[in-house]
Amino acid sequence: MRKLSFLGWPIITGVLIAIILLQFFPQLLSPPVTTVEIRETQLSTHVPGKSGPVSYAEAVEKAAPAVVNIYTRTLIEQKRHHVIKDPLFKKFYELGDMPQRERIQSSLGSGVILNAHGYIITNNHVIAGADSIVIVLKDGREAPAEIIGTDPETDLAILKTNMDNLPSVTLSPSDSLLVGDVVLAIGNPFGVGQTVTMGIVSATGRNSLGLNTYEDFLQTDAAINPGNSGGALVDAHGNLIGINSAIFSKSGGSQGIGFAIPSNLAKKVMTDLITQGRVVRGWMGVEIQELTANLAESFGLQEMSGLIVAGIYRDGPAHKAGLQPGDIMLSLNGKPVEGRRSMIGIADFTPGEPLEVEYLREGKQFTAKVTVGERPLTRPSS
């Protein structure tokens, strides 16, 4: 008994110390979690009772320091000649010993610093295939940057630099924008240096342009030119509401039709790439076809609302819920299906969430309970 009592006091003391430590340091039991710091504002982009300020200098002063120039270099191996006709030349260079000719291709674009930790968002096509990336700040500082992650399906990429005292931008929700709101595009067009142009939101929710897999573009007439890709589209208060991505042009320059990826989508992609290394998207496992007047008539529909299920992925969420090719989806969680944009919205669902689908089959209306899955990285068989 004496031996047991001798061992008891150290054990009790150790347990008490552990309890005290956990009271003051609960994180000792929790695994490390990667967090993404983003400054956001709920400030309305609209100024009631005013047609617009005389100057946007304050907005530019707030946002411009966080917009960087991006320079990439890509080493390209040029094809060498495999046929050597001169026997004297062949004497010195056997086929495997031919000198390799190389050239360096440079390109430029823009990016936006999202937080003081050095995370930068830009377009994927700006840095795709680059062997080296250098960012240059508005104050003249420059540093190398590494790729943290890319998402070709939205044409977004996240870079990181280890510079100190970095400025950053404040995000504003893009779903509060209205057609006619004033916006400013900030970037490095044609490599002339940081440039600001002004316009308005010309349209929202642009899709089916054939640019990306997931399209929900803001359209603007603010001048966007080559080199502006990856730059900032900000509101009249200097808050980021989009990432400039593409233009419609027959000349190669701005013709007043530019497209930006909205900040809401950019925020999700950035957060997923930093915390998980990939973008997690909800998935139903269907291929869809939009209704036309002729198709609606053939199905006996009075209105052209809904989407036709053109294909089902085997063992996918929709297949397990009982949907079949030829079904017409009418609503998702009670919201009417309005073209392809409704299906793009499924990507925002968290895998495992329930989704109620109302659909027509042979003129009768049914409801299916679909458990949203995670969109696979490779295309599954249908």
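Refer to the structure printed above.
What counts, and where the lines are drawn
Residues numbered from 1 in each chain as written. Predicted model: local features only at pLDDT ≥ 70, side-chain atom pairs only at ≥ 80, totals over all residues. Heavy atoms only, no water. Helix = DSSP H or I, 4+ residues; strand = E, 2+ residues; numbered from the N terminus. Salt bridge = Lys/Arg side-chain N within 4 Å of Asp/Glu carboxyl O. Buried < 20%, exposed > 50% of the residue type's maximum accessible area, 1.4 Å probe, protein only. Contact = heavy atoms within 4.5 Å. Pairing = 2+ DSSP bridges.

Draft legend 1. Unusual backbone geometry, seen in detail. A positive phi is found at Asp155, a non-glycine position, where the angle reads about 60°. Relative to the helices and strands, Asp155 resides in the loop between β7 (146-151) and β8 (156-160). Residues other than glycine seldom take positive phi values, yet Asn333 does so here, at roughly 50°. Structurally, Asn333 can be placed in the loop between β19 (328-332) and β20 (335-336).

Draft legend 2. Expanded view of the pattern of salt bridges. Per the counting criterion, the structure on display carries eight salt bridges. We note a salt bridge from Asp151 to Arg281, for which the minimum N-O separation is 2.4 Å. With Asp151 in strand β7 and Arg281 in the loop between α5 (263-276) and β16 (282-283), this residue pair connects regions lying 130 residues apart in the sequence. In this pair, the class of Asp151 matches that of Arg281, namely buried. Between Glu153 and Arg281 there is a salt bridge, with the nearest N and O atoms lying 3.1 Å from each other. One end of the pair, Glu153, is in the loop between β7 and β8; the other, Arg281, is in the loop between α5 and β16, and 128 residues separate them in sequence. We classify Arg281 as buried; its relative accessible area is 6%. Taken together, the shared-partner salt bridges in this structure form one network comprising Asp151, Glu153, Arg281 and Arg375.

Draft legend 3. Region of the structure containing the environment of Arg206. Counting through the fold element by element, Arg206 comes out in strand β11 (residues 195-206). Among the residues examined, Arg206 registers a relative accessible area of 35% and is labelled partly exposed. For the pair Arg206 and Phe259, spaced 53 residues apart in the sequence, the C-alpha separation amounts to 8.4 Å. With residues near it in sequence (within four places) discarded, Arg206 still touches Glu215, Asp216, Phe217, Gln219 and Phe259.

Draft legend 4. Broad picture of the pairing of strand β14 (residues 240-247). Along β14, seven of the eight residues are buried, which leaves the element largely enclosed by surrounding structure. Relative to β14, strand β13 (residues 232-235) runs antiparallel, the two being bridged by three bridges. In the sheet register, Leu233 faces β14, and the bridge partner there is Gly242. Connecting the antiparallel pair β13 and β14 is a turn made up of four residues, with Gly238 showing a positive phi of about 85°. Of the strand pairs in this sheet, β14 and strand β15 (residues 258-262) are connected by five bridges, and their pairing is antiparallel. Bridging from a neighbouring strand, Ala246 pairs with Phe259 of β15.

Honestly, it's all geometry; don't read function into it.
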